[in-house]
Amino acid sequence: MCGLAKMCWGSPAVVVDVDLSSMIAKVDYGDGIVRDALIGIAGERVSRGDIVVVHAGVIISRLSDEGVLEHIKFLDEVLGEDAKEAVKAYETLLELAKSLRGGSENG
Amino acid sequence: MAEESTRYFLGIADKIEKAFRENRELVKAILKKIGEYSKSLESLYGKDFKFKIMNFCGTHEWTVTHFGIRSLVPKNIELVAGPGCPVCVTPSHFIEEAIKLALDGITVYTYGDTYRLRTLNSVRGYRSLSEVRGEGSVKLVTSLVDAIKDARNSNRESVFIGIGFETVAPGYASAVLKGLVPENLKIMSLVKLTPPAMFYSLEILREKPTEPPVMGVIAPGHVSTVTGAKAWSVVSENYGIPVVVSGFEPIDVLLSILEILKQLVKGEAKTVIEYKRAVTWHGDLRAQRIVAKAFRVVDDAWRGIGFLPKSGLRLRDEYRKYDAFEGLGVKEIKPGEWGYDLPPGCRCAEVTLGKAKPTDCPLFMKVCTPDKPYGPCMVSLEGACAIWARFGSGGLADEIAKELSLTI
Amino acid sequence: MDRVTLAHGSGGVETFEILERLIFRRVEDKLKRVGNGFGIDVLDDGAVIPLPSGDHIVVSIDAYTVNPPFFPGGNIGTLAAAGSINDVLMMGGRPIAILDSIIVEEGFPIEDLERIMQSFLDILKSENIALIGGDFKVMPKGGVDKIVITTTAIGIARKPIVDSPKPGDKIIVSDFVGDHGAVIMLLQMGLEKNVEEFGKGLLKSDAKPLTKLMLPLIERFSNYINAARDPTRGGLAGTLNEWASRTGGVIVVEEPSIPIRDSVKRYCEMLGVDPLYLASEGVAVLSVDPTVAEEVVEYMKSLGFENARIIGEVKSSEKFKGYVLMKTSVGGYRILEPPRGELVPRIC
């Protein structure tokens, strides 16, 4: 891989292994190929099975179930009464947040 | 970890992103609300008032253009691109320095778009790292890790061109602090900090009274995973405009626009996170700590713009053995020496600052095309000009869709 | 002084401009075709010559030059055979014979040449197509970039498909688009070692003859297929734009429904290239009467092309002519521009 077409882009990846001494994690972007990524954030936030955002080979964030739930709350706030129309999206997201939580427990 | 569970988690990640990309019902609900707020604003500010909303990241501009978001929002909302392309704002001087190093036989590791960036002055007949590739040793990488691995194997004297914003800094810092960088590899830190550029572009637009002021800012989502949304509260406080830290999927951007309009109707000016699934108010404290430990903040030059106070990162003295400015004699630019470094006629600086649209530039798609880029905004795929060149600005698409009575 | 640039050969706007200047405006209309057939008066995949029997001869010619000549999924020999065969198929013809002309650079390894020709001949054998003529020349070192193969394919068509998409038609693609272009682009950027998918066989050129798809389709739906094209140079965006300007209408495509392989999507995102402009060498794009479009897709699936799908439709417009409009996943609209400049490295 080369280039960095979108500087602000982050790709979601799953953490396969973590080496806290070098702060390098092995991640999989979904193609079954394991690549190295530098851990840019606090090490305790990154563990096996986490879904992280990788930017230019650096882990810069973790997608958390709390985050997803917060996001749904935000949707609710900005959409107000109209939120009903978007119920479908909420449902899937809630489900996903749940599976994310289940995942990090089994991690 | 078993391969199935990796797959399972990636499936979830994918579905979450898709929920923000491919959900027309949700889009309709958001647009309905945007329409209502836009009407309220019309009655508050008058029919002709344009609400200029500036996005900061090149990737946000990409999302806006690529997904045709301009064709979705009401006419009194104008989405403008800001200075969020690190390639576009890297001074020509540093690329010239990198070309020199490459020609002197030093392996230069660079990201893809920096590779194509054209310099103002030719260096021994070369004007970009891509031109040097045949002569010197220039290698494309996606990350510092790639460069570290390759440099360890080659054992050759080499340099990594470390451009980027706050997002890349923790990675660079971590590699330096953990001693992962081999002795033969030096880092040319050209990391830029985003808030100073945002202040500057908001200021400059205020100084131009003929232009409507920026009424809201879509702030960079991934920069904020590191800095925290708190980094932007100075903007909402000092300029009295809403700032929304946004994700990069089209629905993220639409939600951010909605939040900005909502605040404007209510007369509020707050910094709010839309990208809650990845960003927190305080950001990642370890990342902030290691960046502060490895780097010092300097006044730095922005291409076509000049020096902005406290807007760049250089390695601290303790880590000078990794520093290309020390070890390889790369020359810094001093404020007195910085010269306007855009080619004649190029309006990239104005485009970068949201003062001009790419189509306002007389060179756009005439002398300056993605094939033969003239100015830096056409080189990087994050550059507003390159994005508009590939996807158009949206106006015509909108008209055709109306004519054909197509709906969303 | 004006010089030829690489953009002139990229199959986009510039190519049409230079061909107009050099050729089209200099040839009188009646010499642009044979009798009531079709030739360079319509810019299709090949020419059509009517026969007294009511059948038609379909002829196509193409020069193949690709750097590197070997790539995951094939080599220049595969391309030279499949490319011209596909051109005949896209004209509604059943390919029967091929002629080749090989120009090779002095010093080129004979073993490589053997491998290339073997791939070429293997395809002719499997598709039962005769090799009825050819030429072989060597240029001094530096006189040509490694190897150029030109092939002419000949076929017979009962009802030729001369592209004329009609308002209301559905646009169908047979498979993932852009694989070949993506592979060559990654190789040209010197990334073969970085693309792990190559080693695992997860990403390779799609170069292949489409006989097994097109012959049954022509047999069954020839009255309903108003246009067929294999989107090589210029990619899907190029084909759709040519069609749009030919119909004088607007082609509207749904972006999320266009099949693009995940790895291609990812590498393109990283390199900043739009996969819709990348060549495919084993994909068919069809413009099909809406009454049978679903049926055609199902039939294509039954022939083993399970990624076949409808991606959009042809619309007529009084006011706007010759545009391709893209409906994005959130329902926004943008123009899919025709290919311009040397957007991607030369790939076929």
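The structure displayed is predicted, hence computed values, not measured ones.

**Notes on the overall build of chain C**
So, step 1. Helix and strand counts for chain C stand at nine helices and 14 strands.
So, step 2. Referenced to the eigenvectors of the C-alpha coordinate spread, the extents of chain C come out at roughly 55 × 55 × 50 Å.
So, step 3. A total of 348 residues make up chain C; the buried ones form 55% of that total.
So, step 4. Counting only contacts in chain C whose residues sit at least 6 apart along the sequence, the fraction spanning at least 24 positions is 82%.

**A closer look at the nonpolar core**
So, step 1. B:Phe160, B:Met188 and B:Ile257 are the most contacted members of the largest nonpolar core, which has 166 residues in total.
So, step 2. By residue number, the principal contributor to this core is helix H12 (residues 250-266) of chain B, which donates nine residues.
So, step 3. Excluding anything up to four places from it in sequence, B:Phe160 contacts B:Tyr109, B:Tyr111, B:Val141, B:Ser143, B:Leu144, B:Ala147, B:Tyr172, B:Leu185, B:Lys186, B:Ile187 and B:Met188.
So, step 4. Formed by 91 residues, the second largest nonpolar core is a distinct cluster that contains C:Ile85, C:Met90, C:Phe198 and C:Val292.

**A look at the confidence of the model for chain A**
Residue and element names in this part refer to chain A.
So, step 1. Per-residue pLDDT for chain A has a mean of 74; in total, 66% of the residues score no lower than 70.
So, step 2. Of all secondary-structure elements in chain A, the lowest mean pLDDT belongs to helix H2 (residues 87-106), at 61, while strand S2 (residues 24-28) reaches the highest, 88.
So, step 3. Counting interchain partners and residues more than four positions distant, the pLDDT-below-50 stretch residues 1-7 has 41 contacts.

**Focus: the environment of A:Gly57**
So, step 1. Following the sequence through the fold, A:Gly57 ends up in the loop between strand S4 (51-55) and strand S5 (58-62).
So, step 2. On a C-alpha basis, the gap between A:Gly57 and A:Asp19 in space is 15 Å, while along the polypeptide they are 38 residues apart.

**Structural notes on the interface of chain B and chain A**
So, step 1. Contacts between the two partners involve 68 residues from chain B and, on the opposite side, 64 residues from chain A.
So, step 2. For the pair chain B and chain A, the two sides together bury roughly 5,700 Å², of which 69% comes from carbon and sulfur.
So, step 3. Between chain B and chain A we count two salt bridges in total.
So, step 4. One salt bridge in this structure joins A:Asp36 and B:Lys149, with 3.1 Å as the shortest N-O distance.
So, step 5. Where chain B meets chain A, there are 13 residue pairs in polar contact (both at pLDDT 80 or more).
So, step 6. In terms of residue count, the dominant contributor to the side of chain B that touches chain A is helix H1 (residues 3-19) of chain B (eleven residues).

**Things to note about a nonpolar patch on the surface**
So, step 1. A contiguous nonpolar patch, built from C:Leu22, C:Ile23 and C:Ile40 and spanning about 230 Å² of accessible area, is present on the exposed surface.
So, step 2. Within the secondary structure, C:Leu22 sits in helix H1 (residues 13-22).

**Observations concerning the confidence of the model for chain C**
So, step 1. Overall, the prediction assigns chain C a mean pLDDT of 91, with 96% of residues at 70 or greater.
So, step 2. Below pLDDT 50 for its whole length, residues 343-348 of chain C participates in 20 contacts with residues either more than four positions away or in separate chains.

How each quantity is defined
- Residue indices follow the written sequence of each chain, beginning from 1 at its first position.
- Following the order in which they are written, the chains are lettered starting with A and the ligands numbered starting with 1.
- In keeping with the predicted nature of the model, local features appear solely for residues at pLDDT of at least 70, side-chain atom pairs appear and are counted solely at 80 or more, and the whole-chain, interface and lining totals rest on all residues.
- Neither water nor hydrogens contribute to the side-chain values; these are computed over all heavy atoms in the structure.
- We count a stretch as a helix when DSSP gives it H or I for four or more residues in a row; a strand needs E for two or more, and each element gets its number in order from the N terminus.
- Burial classes: relative accessible area under 20% of the type maximum marks a residue as buried, over 50% as exposed, and values in between as partly exposed (1.4 Å probe, protein chains only).
- Contacts were defined at the residue level, with two residues in contact if any of their heavy atoms lie within 4.5 Å.
- Among buried residues, the Ala, Val, Leu, Ile, Met, Phe, Trp, Tyr and Cys ones that are joined through side-chain atoms within 4.5 Å form a nonpolar core.
- On a range of 0 to 100, pLDDT expresses the predictor's confidence in each residue.
- Once two parts are put together, the accessible area they lose, assessed with a 1.4 Å probe and summed over both, is termed the buried area.
- Salt bridges are counted wherever a side-chain nitrogen of Lys or Arg sits within 4 Å of a carboxyl oxygen of Asp or Glu.
- In protein, a polar contact requires one atom able to donate a hydrogen and another able to accept it; more generally it is a pair of N or O atoms within 3.5 Å, and residues adjacent in sequence count only if both atoms are side-chain atoms.
- Exposure above 30% relative accessible area and no salt bridge define the residues that can form patches, which grow by joining like charges within 9 Å and nonpolar side chains of Val, Leu, Ile, Met, Phe, Trp and Tyr within 5 Å.
- Accessible areas in this description were obtained via Shrake-Rupley with a 1.4 Å probe; residue shielding takes into account the shown protein chains only.

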